[in-house]
Amino acid sequence: MRLRRLRDSMQKNNIDAALITREPNILYFTGFRGGTYLLVPLDEEPTLYVYGVDYEAAREELSGIDVKLLRYEDDPNKIISEKVVELGCRSVGFDFLDAKTYEKLGKLLGTAAELREVDEVVWSLRTVKDEEELKLMAEAARLTELGLEAALEALRPGVREYEVAAEAEYAMRRNGAEGPAFETIVASGPRSAYPHGWSSDRTIREGDLVIIDLGAKHAGYCSDLTRTYVVGKPTEKQLRLYEAVREAQEKALKAVRAGVEAREVDAEARKTLETHGLSKYFVHGLGHGVGLEIHEPPRLNQASKAKLKAGNVITIEPGVYIPGYGGIRIEDTVLVVEEGAERLTKAGYGLSVA
């Protein structure tokens, strides 16, 4: 199905063969991890080039794809260029080539075939998730929620940030995750004002704001979830900040639907925070796409030119970060549908640790 969609796009763009080099893209089109190059001709069987460490696995797992062994003494550019010429391809689309490879492959192909970047074509397919992908992402979201539950059980004064992160990651793995989709963030006290504050050896204290940002990876697919808590009784200021961010997320979620401009959704969150005098503390974009990678198109920020499509999976994550004081972020992974958004992450809200 996905290879057919790729070929349909190739035909529309007058591409005779697609050379896929990025590992997530190879996984997307083949279901196999470990391939080095995937060559997809318009009318011939695809070829996956792999090194010896992945050769037997590829042969066992793949059907309908010719698996070719690459040896370390081989020049893959020469092998691919010879295959392209053999197939009579006049144009080769690629998702990514570094400058050195692009130059070398171009010289080998000479006037036989033109190299054309088709990264946007590939992303146009990957950003709209199919039913199989959505099932995997729903499971990734469930595993992420189990990680959050474990983090909350560990969250108390006297515990270090990385201990809380370790409990979350252990719970996700124990329940079936491949691992974390990214390095778990547990940022407490003044460190919660760092949007990507990582997990340090800081000891969590009574009254701290604590941002927990985590995600599980399942069958290659990612999830992303953030909640913010106070260890102990929240102050009036903490409650006020939390309610402002929560309102910003709700307004943004209500703006999500197929066909809306991504920057309009971002603007809804910013306008809400502006009414609370907090917009200057919102220092990043509202969200991003999620899938085989934790950060994918479409981007939801002030400069985005993207329009949301049904089948996009995105994050909605407004935040307020006050240097020297602390920060609050609330994030969910959601599916864009024709008339709105459906939350894939379903963890509850609330500032106090139960």
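Quick notes on the rules
- Residues numbered from 1 in each chain as written.
- Predicted model: local features only at pLDDT ≥ 70, side-chain atom pairs only at ≥ 80, totals over all residues.
- Heavy atoms only, no water.
- Helix = DSSP H or I, 4+ residues; strand = E, 2+ residues; numbered from the N terminus.
- Contact = heavy atoms within 4.5 Å.
- 1 Å grid on protein atoms, 1.4 Å probe; cavity = no way out; pocket = protein on both sides within 12 Å on 5 of 7 lines; lining within 4 Å.
- Points joined across faces, edges and corners; volume = space filled by probe spheres on them.
- Salt bridge = Lys/Arg side-chain N within 4 Å of Asp/Glu carboxyl O.
- Buried < 20%, exposed > 50% of the residue type's maximum accessible area, 1.4 Å probe, protein only.
- Pairing = 2+ DSSP bridges.
- Axes fitted to C-alpha atoms, helices over the stretch in contact; angles between N-to-C directions.
- Core = buried A, V, L, I, M, F, W, Y, C linked by side-chain atoms within 4.5 Å.

Draft legend 1. Geometry of the environment of Leu225. Structurally, the position occupied by Leu225 is in strand S12 (residues 225-230). Through-space distance from the C-alpha of Leu225 to that of Thr315 is 8.3 Å; in sequence the pair is 90 residues apart. Leaving out residues up to four positions away in the same chain, Leu225 has contacts with Thr144, Glu145, Leu148, Ile212, Asp213, Leu214, Glu331, Asp332, Thr345 and Ala347.

Draft legend 2. Examining the layout of surface pockets more closely. What the largest pocket holds in volume is close to 310 Å³. For the lining of the largest pocket, the elements supplying multiple residues, two or more each, are strand S13 (287-289) and strand S14 (296-300). Taken as a whole, the second largest pocket spans an internal volume of roughly 260 Å³.

Draft legend 3. Quick peek at the pattern of salt bridges. This model, assessed by the stated rule, comprises 26 salt bridges. Where Lys129 meets Glu296, a salt bridge forms, and the shortest distance between an N and an O atom there is 3.0 Å. Highlighted residues: Lys129 in the loop between helix H6 (119-126) and helix H7 (131-154) and Glu296 in strand S14, separated in sequence by 167 residues. We classify Lys129 as buried; its relative accessible area is 8%. Glu268 is paired through a salt bridge with Lys271; the nearest N and O atoms lie 3.1 Å apart. Separated by three residues within a single helix, Glu268 and Lys271 lie in helix H10 (residues 262-275), roughly one turn from each other. Take Glu268: its relative accessible area is 25%, and that puts it in the partly exposed class. Residue classification places Lys271 among the partly exposed residues on the basis of a relative accessible area of 46%. Put simply, Arg22, Arg126, Lys129, Glu293 and Glu296 are held in one network by salt bridges that share partners.

Draft legend 4. Just empty space enclosed by the protein, in detail. A full pass over the atoms with the stated rule returns one cavity of 30 Å³ or more. Quantified by volume, the largest cavity comes out at close to 30 Å³. Sorting elements by how many residues they give to the lining of the largest cavity places helix H1 (residues 2-12) first, with three residues.

Draft legend 5. Examining the sheet that holds strand S8 (residues 185-188) more closely. Taken in spatial order, the three strands line up as S8-S9-S12 in an open sheet, and their pairing is antiparallel. What marks the edges here is a single partner per strand, and that holds for S8 and S12. Direction aside, neighbouring strands of the sheet carry axes that sit 15° apart on average. Relative to S12, strand S9 (residues 209-214) runs antiparallel, the two being bridged by six bridges. Along S12, the bridge assignment pairs Leu209 with Val230. The sheet strands contacting helix H8 (residues 161-174) are S8 and S9, and the helix crosses S8 at an angle near 155°.

Draft legend 6. Structural context of the pairing of S8. Because side chains alternate across S8, one face comprises the buried residues Ile185 and Ala187, and the other comprises Val186 and Ser188, equally buried. Inspection of the sheet shows S8 paired to S9 by four bridges, in the antiparallel sense. By the bridge assignment, Val186 is partnered in S9 with Ile212.

Draft legend 7. How the structure looks around the nonpolar core. Residues Leu6, Phe29 and Leu48 are the most contacted members of the largest nonpolar core, which totals 38 residues. Tallying contributions element by element places helix H2 (residues 23-30) first for this core, with four residues. When neighbours within four sequence positions are excluded, Leu48 is seen to be in contact with Ile26, Phe32, Gly35, Tyr37, Leu38, Leu62, Ile65, Asp66, Val67 and Lys68.

Any functional reading would require information that these geometric values do not contain.
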